[in-house]
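If you want the building blocks of each chain, they are given just below.
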Amino acid sequence: MLRTHYAGALRLGDIGTTVTLTGWVDRRRDHGGVAFVDLRDSSGIAQVVIRDEEVAHPLRSEFVLQVTGTVGRRPEGNENPSLATGEVEVVATDVVVLNSAAALPFQVSTGASEESGVVGEETRLKYRYLDLRRPAPAHAIRLRAKVNQAARRVLDDQGFIEVETPTLTRSTPEGARDFLVPARLAPGSWYALPQSPQLFKQLLMVGGLERYYQIARCYRDEDFRADRQPEFTQLDVEMSFVDQDDVIEVAEEVLVALWQLIDVEIPRPIARMTYAEAMTRYGTDKPDLRFAVELVDLTEYFADTPFRVFQAPYVGAVVMPGGADQPRRTLDAWQDFAKQRGHRGLAYVLVGADGELTGPVAKNLSEAERAGLVAAAGAQPGDCIFFAAGAASGARALLGAVRLEIGRRCGLIDESAWAFVWVVDAPLFKPVGEDDDVAVGGGAWTATHHAFTSPNPDWIDRFEEDPANALSYAYDIVCNGNEIGGGSIRIHRRDVQQRIFAIMGLGEEEAQEKFGFLLDAFAYGAPPHGGIAFGWDRIVMLLAGEPSLREVIAFPKSGGGYDPLTQAPAPITPEQRKEAGVDAKPRSAEKAPAETAAGSPPEA
RNA sequence: GGCCCCGUAGCUCAGUUGGUUAGAGCGCCGCCCUGUCACGGCGGAGGCCGCCGGUUCAAGUCCGGUCGGGGUCGCCA
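Since the structure is predicted, the reported quantities are computational estimates derived from the model, not experimental observations. (Residues numbered from 1 in each chain as written. Chains lettered and ligands numbered in written order. Predicted model: local features only at pLDDT ≥ 70, side-chain atom pairs only at ≥ 80, totals over all residues. Heavy atoms only, no water.)

Undergrad: Account for the sheet that holds strand β17 (residues 420-424), naming residues and giving values.
TA: A sheet is described by the order of its strands in space; here eight strands give the open sequence β6-β9-β10-β22-β21-β20-β17-β11, paired in mixed fashion. One side of each edge strand has no neighbouring strand; the edge strands of this open sheet are β6 (161-162) and β11 (272-274). Each of β9 (211-219), β10 (231-240) and β22 (529-535) is contacted by helix α6 (residues 198-206), which is oriented at about 25° to β10, the strand it contacts most. (Pairing = 2+ DSSP bridges. Helix = DSSP H or I, 4+ residues; strand = E, 2+ residues; numbered from the N terminus. Contact = heavy atoms within 4.5 Å. Axes fitted to C-alpha atoms, helices over the stretch in contact; angles between N-to-C directions.)

What follows is the structure, encoded as structure tokens:
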């Protein structure tokens, strides 16, 4: 070892000891005759005193040093309470420059970030190896390791087997666009990177593993968000011979262990809410329960309204406390808020301090409606009532977004709270919309979760009777309005699977072509099974208190899937292109699946 | 794909109504400095104002386009 001690570990008890430290020059203060170097390693910072000017003078930020010296107590009054090692210092007898460092693109030293503002993300990512020397990024990556460790510990203790599944596989039936990899040995054919290990983990259940987990990299070729990366990580779990409660039980134990890492005790059991309740009360399937504002269903209240806009299948409202005094400009901004989400606008009524209703909508309401509105909406004098009318799903989605915005603007969200909830009983199917370019089958319905999600016990024998209302055996875990995990009990019976496919308009041939290997496996005694997958990056992000997934990924991509550090993706050479078979024409016999999926039924 | 915002020194930013030689803080380089810890002092270097085009006597500033970044909606079961 090049060192005897970690810099950040030195304490009064080490006084008198001769130590050798290694690390980087965090900062130096050169006084001519005596110089101070803050030496930083992974454990922290220690002050090194160098009395030889010849040695100290050439040192620069981020030089790599090996320092030998004696630990001494700092002179009276010279302690630095902001350093853990601030009561001591190392008086150097020998300083070896292990490496020099070029002038930095940005300041690495801790204090620097406060004085010259925050460094832009693109620069940080381009020099991520320097960024990682800074305390916050370093902490996030270390926390992530602890999170992995905690999950493994819980699952290992419960007899789960960690299994790696392929990353070169075939295009899976999940909703997102696949990343594709040309197969050199089969020109014209392509691998897909997995969107998740979904099918493989089910095969592992057929394989008798009974309890599987994996910290799995997943790939989806979709557009970016602060909370989305093209490659991301799931903690993937699957269990045999279980029902929903068993999976939830294991999932909660994992979550409890994770939040213990930041000294938060999650009360168990975590509350459950049906999907229908979440949509009705919060306008979303991932409600943020850190604040109490809820949607109010006023459809009945406005059943006979003269106001044409409210003559709709659904009329709902959400109350903004104290919102009555918003200036016109702000109320206009709410209109833009709604328009940006594809709605025509956002109706509102202002409730004056005296209870009088104002705003453009108020005069369109009947006398009786005005009289009872404040009570019906649960408003108070001084509040603003926002309305959305129309199809229930769209109107609730708008109100849900408004609710969140109200929470933010009014400071209603308790930032220190951790509000967990299971959202259960999601619909099994959703209508195929125009936007469903990735629909699996050609029918009127597509799976809400995925095609292998079982109907819940109430519906398993009769989901065909009412596909719109049939419920799935699925569950999502939501934390502070973030979906941090989701799973389901799977279909293990071939007849049920075929009935599901039938509803989705997926013929036997086509089903066989798309996931024949799974259906084949299910023919050989598939056990009842189910599981869950956690959004690992998002969970670490929450635990670290970071605003972006990028902060908890060692080498994240920036917008457009670009990596500023490696400059990937990059062009390939003509030779690579030829060899990879990118341009190979598929043989006519092997039609691309996408062409048969949408329109005509597969050949009989 | 739609909408919004941002591109000025290594970093973070300012730059007036279009008007002389484009500034600040930090960083960097040189010299000085024996108890600092955001050390201090003196001096210095550093700019394709993202790029292309247009308007104008004159463009960092106005207009059009383009590229890059961020956010958001669509999308992401």
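Undergrad: Quick rundown of the packing of α6 against helix α13 (residues 508-522)? Include the residues and the values.
TA: Interaxial distance between α6 and α13 falls to 10 Å at its minimum, and their mutual angle equals 20°. On the basis of the axis angle, α6 is roughly parallel to α13. By crossing handedness, the relation of α6 to α13 is classed as left-handed. Facing Leu-199, Gln-202, Leu-203 and Val-206 of α6, the residues of α13 in contact are Phe-515, Phe-517, Leu-518, Ala-521 and Phe-522. (Parallel < 35°, antiparallel > 145°, perpendicular 65-115°, else oblique. Left-handed = near helix turned anticlockwise from the far one by under 90°.)

Undergrad: Describe a nonpolar patch on the surface, naming the residues involved and giving the relevant values.
TA: On the surface, a nonpolar cluster with roughly 240 Å² of combined accessible area is contributed by Leu-2, Val-96 and Leu-98. Looking at where Leu-2 falls in the secondary structure, it is placed in the segment before β1 (18-30). (Patch = residues over 30% accessible without salt bridge, like charges linked within 9 Å, V, L, I, M, F, W, Y side chains within 5 Å. Areas by Shrake-Rupley, 256 points an atom, 1.4 Å probe, with all protein chains shown as cover. Salt bridge = Lys/Arg side-chain N within 4 Å of Asp/Glu carboxyl O.)

Undergrad: Which residues make up helix α5 (residues 135-157), and what values do they have?
TA: With 23 residues, α5 should reach 33 Å at 1.5 Å per residue; the first-to-last C-alpha distance of 32 Å fits that figure. Listed in full, the buried residues belonging to α5 are Pro-137, Ala-138, Ala-140, Leu-143, Arg-144, Val-147, Asn-148, Ala-150, Ala-151, Val-154 and Leu-155. Buried residues along α5 sit in contact with α3 (121-126), α4 (128-131), β9, β10, α7 (244-260) and α14 (536-544). Phi turns positive, to about 80°, at Gly-159, one or two residues after α5. (Expected span 1.5 Å × (residues − 1). Buried < 20%, exposed > 50% of the residue type's maximum accessible area, 1.4 Å probe, protein only.)

Undergrad: Go over the packing of aromatic side chains, please, and point to the residues and values.
TA: Inspection of the entire model under this criterion finds 16 aromatic pairs. Centroid distance Tyr-301 to Phe-302: 5.1 Å. Interplanar angle 90°. Geometry classified as edge-to-face. Exposure remark for Tyr-301: the relative accessible area of 27% places this residue in the partly exposed category. On the basis of an interplanar angle of 70° and a centroid distance of 5.3 Å, the ring pair of Trp-334 and Phe-337 is categorised as edge-to-face. Remark: Phe-337 and Trp-334 occur in helix α9 (residues 328-340); sequence separation between them is three residues, near one turn of the helix. The exposure classification of Trp-334 matches that of Phe-337, with both residues buried. Within the aromatic cluster, the residues linked to one another by ring pairs are Tyr-301, Phe-302, Phe-307, Phe-310 and Phe-387. Above the plane of the ring of Phe-337 lies Arg-341, whose end atom (NZ or CZ) is 3.9 Å from the centre. Above the ring of Trp-459, the side-chain terminus of Arg-462 is found at 4.0 Å from the ring centroid. (Phe/Tyr/Trp six-rings, centres within 6.5 Å; stacked < 30°, edge-to-face > 60°. Lys NZ or Arg CZ within 6 Å of the ring centre and 35° of its normal.)

Undergrad: How would you summarise the pattern of salt bridges if you had to cite specific residues and measurements?
TA: The full count for this structure, using the stated rule, is 33 salt bridges. Between Glu-231 and Lys-557 there is a salt bridge, with its nearest N and O atoms 3.0 Å apart. Of this pair, Glu-231 sits in strand β10 while Lys-557 is found in the loop between α14 and α15 (574-580), placing the two residues 326 residues apart along the sequence. Judged by its relative accessible area of 24%, Glu-231 falls in the partly exposed class. You can call Lys-557 buried: its relative accessible area is 17%. Here the salt bridges do not stand alone but share partners, grouping Arg-124, Arg-128, Asp-131, Arg-134 and Glu-551 into one network.

Undergrad: For the packing of α7 against α14, give the residues involved together with the corresponding values.
TA: At a minimum axis separation of 10 Å, α7 and α14 run at an interaxial angle of 40°. In this structure, α7 crosses over α14, and the sense of that crossing is right-handed. Counted together, Val-254, Leu-255, Leu-258 and Trp-259 of α7 and Trp-536, Ile-539, Leu-542 and Leu-543 of α14 form the full contact between these two elements. Residue composition of the contact of α7 with α14, grouped by class: eight nonpolar, no polar and no charged. (Nonpolar A, V, L, I, M, F, W, Y, C, P; charged D, E, K, R; others polar.)

Undergrad: Account for the sheet that holds strand β14 (residues 347-351), naming residues and giving values.
TA: Read from one edge of the open sheet, five strands run β12-β13-β16-β14-β15, paired in antiparallel fashion. With partners counted over all chains shown, the strands left at the sheet margins are β12 (296-297) and β15 (357-358), one partner each. The sheet contact formed by β14 and strand β16 (residues 384-390) spans four bridges and is antiparallel. Counterpart to Tyr-348 in the pairing with β16 is Phe-386. On the sheet, α9 packs against β13 (314-320), β14 and β16 and is oriented at approximately 150° with respect to β14. Contacts from helix α11 (residues 392-409) reach β12, β13 and β16, with the element oriented near 0° to β13.

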